[in-house]
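# Coordinates in review
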Number of protein chains: 2
Amino acid sequence: MKHQRIVLAARPTAEAAPEHFRLETVATPDVQDGHVLVKVHYLSLDPYMRMRMNDGKSYAAPVAIGEVMVGGTVGEVVASEHEGFVPGDRVVCMGGWQEMVVLDASVPGAVRKVDAAPASAVPLSAYLGAVGMPGVTAWVGLNHIIEPKAGETVVVSAASGAVGSVLGQLAKAQGCRVVGLAGGAKKCDYVVRELGFDACIDYRQHPDFKSLAAALDEAAPQGVDGNFENVGGLILDVVLSRMNAFGRVALCGLIAGYDGQSLAINNARLLLTQRLKLQGFIVSEHMALWPAALKELGSGVASGHIKYRESVAQGLAAAPEAFIGLLKGRNFGKQLVKLL
Amino acid sequence: MKHQRIVLAARPTAEAAPEHFRLETVATPDVQDGHVLVKVHYLSLDPYMRMRMNDGKSYAAPVAIGEVMVGGTVGEVVASEHEGFVPGDRVVCMGGWQEMVVLDASVPGAVRKVDAAPASAVPLSAYLGAVGMPGVTAWVGLNHIIEPKAGETVVVSAASGAVGSVLGQLAKAQGCRVVGLAGGAKKCDYVVRELGFDACIDYRQHPDFKSLAAALDEAAPQGVDGNFENVGGLILDVVLSRMNAFGRVALCGLIAGYDGQSLAINNARLLLTQRLKLQGFIVSEHMALWPAALKELGSGVASGHIKYRESVAQGLAAAPEAFIGLLKGRNFGKQLVKLL
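About the thresholds
Residues numbered from 1 in each chain as written. Chains lettered and ligands numbered in written order. Predicted model: local features only at pLDDT ≥ 70, side-chain atom pairs only at ≥ 80, totals over all residues. Helix = DSSP H or I, 4+ residues; strand = E, 2+ residues; numbered from the N terminus. Rg over C-alpha atoms; globule rule 2.2 N^0.38 Å. Buried ≥ 20, exposed ≤ 12 C-beta atoms within 10 Å, placed from the backbone. Least-squares fit on C-alpha atoms with pLDDT ≥ 70 in both. Contact = placed C-beta atoms within 7 Å. Pairing = 2+ DSSP bridges. Right-handed = clockwise from strand over helix to strand, strands pointing away. Axes fitted to C-alpha atoms, helices over the stretch in contact; angles between N-to-C directions. Parallel < 35°, antiparallel > 145°, perpendicular 65-115°, else oblique. Left-handed = near helix turned anticlockwise from the far one by under 90°. Nonpolar A, V, L, I, M, F, W, Y, C, P; charged D, E, K, R; others polar.

Our next topic: the overall build of chain A. Per the secondary structure count, chain A includes 9 helices and 15 strands. Its C-alpha radius of gyration of 20 Å places chain A within 12% of the 20 Å reference for a compact globule of 340 residues. Its C-alpha atoms give chain A principal-axis dimensions of about 60 × 45 × 35 Å. Classification of the 340 residues of chain A by burial places 51% in the buried group.

Laying chain B over chain A is done by rotating through 180° and shifting 0.1 Å along the axis; what remains is an RMSD of 0.0 Å. Taken together, the rotation angle and the small translation identify this as a two-fold axis. A symmetric contact is evident, with 96% of the interface residues of chain B recurring at the interface of chain A.

Residues and elements named next belong to chain B. Along the chain, Ala-110 turns up in the loop between β6 (100-104) and β7 (111-113). C-alpha of Ala-110 to C-alpha of Val-91: the two residues are 19 residues apart in sequence and 9.8 Å apart in space. Ignoring any residue separated from it by four or fewer positions in sequence, one finds Ala-110 in contact with Cys-93, Leu-103, Asp-104 and Ala-105.

All names here are of chain B. Bridge count for strand β11 (residues 224-229) against strand β12 (residues 243-251) is 5 bridges, and the pairing is parallel. Within the sheet, the bridge partner assigned to Val-224 lies in β12 and is Met-243. In this region the chain leaves β11, passes through helix α6 (residues 234-241) and returns to the parallel neighbour β12; the handedness of that crossover is right-handed. Pairing analysis gives 4 bridges linking β12 to strand β13 (residues 277-280), with the strands arranged parallel. In the sheet register, Arg-248 faces β13, and the bridge partner there is Lys-277.

Before going further, it helps to spend a moment on the packing of helix α2 (residues 133-146) of chain B against helix α3 (residues 162-173) of chain B. All names here are of chain B. Axis separation between α2 and α3 bottoms out at 8 Å; the angle between their running directions is 45°. In terms of axis orientation, α2 runs oblique to α3. By crossing handedness, the relation of α2 to α3 is classed as right-handed. Contacts from Pro-134, Gly-135, Thr-137, Ala-138, Trp-139, Gly-141 and Leu-142 of α2 reach α3 at Ala-162, Val-163, Val-166, Leu-167, Leu-170 and Ala-171. Across the contact of α2 with α3, the residue classes tally to 10 nonpolar, 3 polar and no charged.

Listed below in structure tokens is the structure:
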């Protein structure tokens, strides 16, 4: 049996481009004792993958040249040599950019069944978005770093994305004023009308500090108490400048700098004068919180209280273009690749 | 009765200079009901005062033009219309840059007696340093933001100063490797030999990133887990670049930027990739912690376990020059002005 996969062909020195990826056909490995073979239905594309393409100090080792690109996947067990799994089980796993994957199911958390939730209420793809890593990322950042009080103002960048959309809906449910930032009128409109944010700023209309700050002043007239930051750069500088005393910043991503751009916080003085807390975090280092988060997110999606949107690319070969588009904000909602 | 005082004559647009201060002789106010008249023995000079000379958003209102410069003081009650005080009481108060001050003793915390500690063991001036606001600042930042574990490496800038010297000694007592930064061989020598730090880097010998980073690599071969930051700018950038995962930065001061210099954190990416926590704080907003801190610091000074050094300027008229010297690092240890 053979399957297709995409490996890292070369490291980008600036923007990621198609030539940094290579589509290959390889023999599917045998299923050894304790392992399962998963047929991947959906591959998740996420901004963090861009950092894994770079060499250098980070929280995770870079993907090696010639190695399969990392990525979260959902799919179906098609062969099992592990007593806990049978063919037909729907699972979430870090399968990477490939159609089939063999994984050691005896490693805790490596292969997770999602059958516990009613199959009808939560579509399989949602386990890569609102009821998966992105949703849990929002949940952890909001409840364990920002810890908002009702009435406070929370700002989130990349508001229509997989993480930001959940973040805003959770904060809104906790009684906060929620302001999003997104690129383009269509996304902003969706964020306010469909997701229920109080306001959403189209950052593309505000390319400089003064203009963006004025827009934020209008959207957040009481200042900003919590910031869930996915972007960095100018957006973070502006939000910091509008933070109230004792504000909290959950630093989740810095997509503005993934291609190697300088990522300064220009007004560091405000961290002191406003007594701010700024904390970087990685959701995979908070595994103890996942069960509670997934339970709440699963109920929210099943009941329709948590809404989400997906951009779905068709077929593995479409993954590089879809990923490059994600980094440029061309996607609208959770970016997936449908393999089956 | 008359006394001398120093008021803010003009706001600096860059460095503070003598012309921004004015020495005046004024009539000492009457002592109204509930008030006490304090004869000031020592005035404390601290970097935060530079920020209070600027207009603009900060944690405390700026000193108004023509108003007495703010400042912590210790002295002796010479007249009292408050039942809790009698002439001869030794007190700590925010008396400002003046020889005499009338204060409303009914305001909680406005006038604090220090007679509880054995007079012989803790000199009055220490209540402005190791057993006062600077000491408590170190204590709060270390125990409530950095929260070091034994064996971790803690770095502190302005290491020979009133705050840094206490910080390092407390961290050392908790089993940490402690690395200081100070300006000049004399201060570095004092920090290591007298205060017991493991190493101290003379930042003046390392004016660029590469050189300072190499010095830090040598002094902190296991990387940095906690940083108590008094300076900012290049020093903070270098320390951040050497921080281990889950490092904590207590942001106490940014003396590198008090004259209006740009204060960027140039490598904000590290906050995310190393999952750092950076928190600004003001010691006066943690009043609940003061009693425990003062008790430990008082015992430490009385027993000789906490050492400190003072630079004492003579007479109120010497305060502006001493303050300007402090901002340039010309002092060596806690900067005081002796008024009596």
